[in-house]
Amino acid sequence: MMKSIGIVFVLLSLATFSCAPVYIPNVHNAPLFRGAGEFQTSISFGEGLDAQGAVSITNHIGIMGNYNYVSRNTSDTNDEDYVRHKFWEAGLGYYENADKMSYEIFGGYGRGEGTSYGSYSWFGPTELNATGTYQRFFIQPSIGSNDNIFNWIVSTRISLVDFEKFTYDNVVASYDNPVLFFEPAFTGRIHFGKSPIYSQFQTGFSFTTQGDTVFDYQPFQLSFGIGLRLGGKPKVTTQPE
């Protein structure tokens, strides 16, 4: 037990470590619907606050919406050394649900804004708080189990992050170099009997193969949350005698 607690604290420490992340990946929303007319919503806490929602329109089509907010001070001695981040996105997806397994693929678009304390070459060699605004396109395939108690979900999000500009003290610096990120994640969900409420945890990584980027990003995330799942149960069919 103590060893497990120690591992959790190490992961939490890693989750909050980065020099000056202006891009912070949000928690993956992987609903894995059971059928048409299902509604899911959840709130997770980790790097910040993640609020998510999803609705299945038909037995194969679903939509989702997500919001992320981060606000923290990264120094005990400097009040100006802080990170602020907010992001929203929407997506459309296709899903299949079988007896024991289900899978889906979502794609979508979002916009975000991040402020962090760091060194930006456009504004001189000194460290300062700069704000970057960006848009993100993503594709996210997921696969997971169907169980009454515990479900596992593996998802891999491919994100194209396009920072449009950085701003400091009313000075605007344009930036035109989209970065492709690979962001795998593992989600565990624990259901409480027949209750529509479930708890979940998620751990994920974010990395790029495009070499050094001019902006810092959060490479690891760990979150815990609670969710609500209503409707969408598959119809029970009876075999003819």
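Residues numbered from 1 in each chain as written. Predicted model: local features only at pLDDT ≥ 70, side-chain atom pairs only at ≥ 80, totals over all residues. Heavy atoms only, no water.

**Comments concerning the pattern of salt bridges**
Once their charged atoms are close, side chains differing in charge can pair, the charge on each being opposite to the other. Spelled out, the test is: In the sections that follow, a salt bridge refers to a side-chain nitrogen of Lys or Arg positioned within 4 Å of a carboxyl oxygen of Asp or Glu. Counting from the N terminus, the helices are DSSP H or I runs at least four residues long and the strands are E runs at least two residues long. Each residue's exposure class comes from its accessible area (1.4 Å probe, protein chains only) as a fraction of the maximum for that residue type: buried when under 20%, exposed when over 50%, partly exposed otherwise.
Using the criterion set out here, one finds six salt bridges in the structure. Ionic pairing is found between Glu47 and Arg72, a salt bridge with its closest N-O pair at 2.0 Å. Taken together, the positions of Glu47 in the loop between strand E2 (39-45) and strand E3 (49-56) and Arg72 in strand E4 (residues 61-73) put the pair 25 residues apart, joining distant regions of the chain. With a shortest N-O distance of 2.7 Å, Arg136 and Glu89 are connected by a salt bridge. Of this pair, Arg136 sits in strand E7 (residues 127-145) while Glu89 sits in strand E5 (residues 82-97); the two residues are 47 residues apart in sequence, bridging distant segments of the chain. On the accessibility criterion, Arg136 (1% relative accessible area) is buried. Its relative accessible area of 4% is what places Glu89 among the buried residues. A network of salt bridges, in which partner residues are shared, links Arg34, Glu38 and Arg229.

**Brief notes about the pairing of strand E6 (residues 101-119)**
Note on strand geometry: in a regular strand, side chains alternate between the two faces of the sheet. Note the cut-off: In this description, strands pair whenever DSSP reports at least two bridges between them.
Bridging between E5 and E6 involves 15 bridges; their strand directions are antiparallel. Across the sheet, residue His85 finds its bridge partner in E6, namely Gly114. Linking two consecutive strands that pair antiparallel, namely E5 and E6, is a turn of three residues. Relative to E7, E6 is paired through 19 bridges, and the arrangement is antiparallel. Residue pairing across strands places Glu104 opposite Ser142, the latter belonging to E7.

**Regarding the pairing of strand E11 (residues 197-205)**
Side chains Tyr198, Gln200, Gln202 and Gly204 of E11 all project onto a buried face; the interleaved residues Ile197, Ser199, Phe201, Thr203 and Phe205 project onto a face where none is buried. Taking the residues that link successive antiparallel strands as the turn, the strand E10 (residues 179-191)-E11 hairpin has five residues, and the phi of Gly193 there is positive, at about 60°. Pairing of E11 with strand E13 (residues 220-230), which is carried by nine bridges, proceeds in the antiparallel orientation. In the sheet register, Tyr198 faces E13, and the bridge partner there is Gly227.

**Here we look at the nonpolar core**
Put simply, the rule reads: Each nonpolar core is a collection of buried residues, namely Ala, Val, Leu, Ile, Met, Phe, Trp, Tyr and Cys, held together in the definition by side-chain atoms within 4.5 Å. Whether two residues are in contact is decided by their heavy atoms: any pair within 4.5 Å suffices.
Counting residues in hydrophobic clusters, the biggest one holds 16 residues, and the most contacted among them are Tyr23, Tyr120, Phe123, Phe163, Phe166 and Phe215. Listing elements by their share of this core, those giving two or more residues are strand E1 (21-23), E7, strand E8 (150-168) and E10. Beyond its immediate stretch of four places on either side in the chain, Phe163 contacts Val22, Tyr23, Gly132, Thr133, Tyr134, Tyr175 and Phe215.

**Describing the packing of aromatic side chains**
Each pair of aromatic rings is reported with the distance of its centres and the angle of its planes. This is how the line gets drawn: Planes of paired rings set the category: under 30 degrees apart is stacked, over 60 is edge-to-face and the rest tilted, where pairs are Phe, Tyr or Trp rings (Trp by its six-membered ring) whose centres lie within 6.5 Å.
All told, the structure shown has 16 aromatic pairs when counted by the stated rule. The interplanar angle of 55° and the centroid separation of 5.0 Å between the aromatic rings of Tyr109 and Phe137 together place this pair among those described as tilted. With a gap of 28 residues between them, Tyr109 in strand E6 and Phe137 in strand E7 connect regions that are remote in the sequence. With relative accessibility at 26%, the residue Tyr109 sits in the partly exposed group. With relative accessibility at 39%, the residue Phe137 sits in the partly exposed group.

**Here's the deal with the side chain of Thr131**
Test applied: Polar contacts here mean pairs of N or O atoms no more than 3.5 Å apart (in protein, one a potential hydrogen donor and the other a potential acceptor; neighbouring residues in sequence count only if both atoms are side-chain atoms).
By the secondary structure assignment, Thr131 is in strand E7. Within polar-contact distance, the side chain of Thr131 engages the side chain of Thr115 at 2.6 Å. With sequence-adjacent residues up to four places away left out, Thr131 is seen in contact with Glu113, Gly114, Thr115, Lys165, Phe166 and Thr167.

**Section: unusual backbone geometry**
Even without a glycine there, the phi angle at Leu32 is positive, about 45°. Checked against the element boundaries, Leu32 lands in the loop between E1 and E2. Take Leu32: its relative accessible area is 5%, and that puts it in the buried class.

**A closer look at the confidence of the model for the protein chain**
Quick note on the threshold: Values of pLDDT, which run from 0 to 100, indicate the predictor's confidence residue by residue.
Residues with a pLDDT of 70 or more make up 85% of the protein chain, whose mean pLDDT is 86. Helix H1 (residues 2-15) is the least confidently modelled element of the protein chain, averaging 39 in pLDDT, while E3 averages 98, the highest of any element. Contacts of residues 1-18 to residues separated by more than four positions or lying in other chains number 19 contacts, the stretch itself having pLDDT below 50. Segment residues 235-241 is flagged for pLDDT under 50; beyond a separation of four residues in sequence, or across chains, it makes zero contacts in the model.

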